[in-house]
Amino acid sequence: MNNLKKIFAILFVLAYSKVTGQSNNGIYRSVEEIFPDKKITGRFNFTGLLDVFDENISLGIEYRFKSLWSAGSDVAYIFRSDYLSESNTAGGIILRPFFRYYFNTRGRIFLEAQVHYKYAVYKLTDWVGRDVSNGIPAYEEYTTFRYHKRALGLNINFGDNVNLTRDEKLRLEPYIGLGVRFKKQGVDNGVYARERRLLASIYEPKYSTVVLPLGMRLVYDFK
């Protein structure tokens, strides 16, 4: 009797596995038929670790909603900065939502429009101007303060993909682009002047410029 129970148990497990396997395969096929072009890709922009001003860790996701079109965003955390050499600590975020167009259905060469937003805070101990009138401080105070920077811009990027694995899911994505930046920065209730220092113009309270985005991502297709 015990042996018979064991046989029935084994047959039940095999039958259940067969049925559920067929059912799952049917479900997977139907999803692929309904959404043939959908793809979700994870992104790691490791060149953010080499940013000359604001070193950051950048992660993102891309969603292919059509065979040639996708959308997504990168989010980066600023953990170190040389933007102000006098700063003791620095932190902030970078957001880069984008729309992308692929030139072929294999999804390799692309052109994208990307919005760039950065907010960074730098903590310093230095001389800061107080009681400012028409940009001129009445006196200076040696203290610890926070310097805020906000930047908004738009990039047009062009890039390609280089396969790292046989299934083409893991790739390198080099890119280059052209963009503009509009920046506001400064100290609350004061002014921090850098007129006698290198690249002093980029520390103006309001500053705009043309930029050349350049980098490389590690990307992986989850689906």
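Residues numbered from 1 in each chain as written. Predicted model: local features only at pLDDT ≥ 70, side-chain atom pairs only at ≥ 80, totals over all residues. Heavy atoms only, no water.

Trainee: An account of the overall build of the protein is needed here, citing residue identities and associated values.
Mentor: Along the protein, the regular secondary structure elements total 1 helix and 10 strands. From first element to last, N terminus to C terminus, the protein shows the α and β order α-β-β-β-β-β-β-β-β-β-β. Of all intrachain contacts in the protein linking residues separated by at least 6 positions in sequence, the fraction that spans at least 24 positions is 64%. Split by element, the accessible area of the protein, about 14000 Å² in all, is 63% carbon and sulfur. (Helix = DSSP H or I, 4+ residues; strand = E, 2+ residues; numbered from the N terminus. Contact = heavy atoms within 4.5 Å. Areas by Shrake-Rupley, 256 points an atom, 1.4 Å probe, with all protein chains shown as cover.)

Trainee: Describe the confidence of the model for the protein, listing the residues and the values that go with them.
Mentor: Looking at the protein as a whole, the pLDDT averages 83, with 80% of positions reaching at least 70. Low pLDDT, under 50, characterises residues 1-36; the stretch is placed with 1 contact to residues that sit more than four places away or in other chains. (pLDDT = per-residue confidence, 0-100.)

Trainee: Describe the pattern of salt bridges, naming the residues involved and giving the relevant values.
Mentor: Tallied over the full model, the rule gives 16 salt bridges. Across the pair Arg171 and Asp221 runs a salt bridge whose closest N-O atoms are separated by 2.7 Å. Within this pair, whereas Arg171 is found in strand 8 (residues 170-187), its partner Asp221 is found in strand 10 (residues 214-221), the two being separated by 50 residues in sequence. No difference in accessibility class separates Arg171 from Asp221, as the two residues are buried. (Salt bridge = Lys/Arg side-chain N within 4 Å of Asp/Glu carboxyl O. Buried < 20%, exposed > 50% of the residue type's maximum accessible area, 1.4 Å probe, protein only.)

Trainee: Could you give an account of the pairing of strand 1 (residues 39-44), with specific residues and numbers?
Mentor: Consecutive side chains along a regular strand alternate between the two faces of the sheet. Direction of pairing for strand 1 relative to strand 2 (residues 54-64): antiparallel, over a ladder of 6 bridges. Opposite Ile40, over in strand 2, you have Tyr63 as the bridge partner. Relative to strand 10, strand 1 is paired through 4 bridges, and the arrangement is antiparallel. Counted as the bridge partner of Phe44 is Leu218 from strand 10. (Pairing = 2+ DSSP bridges.)

Trainee: Lay out the packing of aromatic side chains with the relevant residues and their values.
Mentor: Throughout the structure, instances matching the rule amount to 12 aromatic pairs. A ring pair is formed by Tyr147 and Tyr192, whose centres lie 6.2 Å apart and whose planes are at 75°; its orientation type is edge-to-face. In this pair, Tyr147 sits in strand 6 (residues 136-159) while Tyr192 sits in the loop between strand 8 and strand 9 (206-211), placing the two residues 45 residues apart along the sequence. Tyr147 sits in the buried class, given a relative accessible area of 2%. Residue Tyr192 is classed as buried on the basis of its relative accessible area, which comes to 6%. Site record: aromatic cluster; members linked through ring pairs are Phe53, Tyr83, Tyr122, Phe145, Tyr147, Tyr192 and Tyr203. Geometry around Tyr102 places Arg64 over its ring, the cationic atom sitting 4.3 Å from the centre. In this structure, Lys149 is placed above the aromatic ring of Tyr83, and the distance from its NZ or CZ to the ring centre is 3.6 Å. (Phe/Tyr/Trp six-rings, centres within 6.5 Å; stacked < 30°, edge-to-face > 60°. Lys NZ or Arg CZ within 6 Å of the ring centre and 35° of its normal.)

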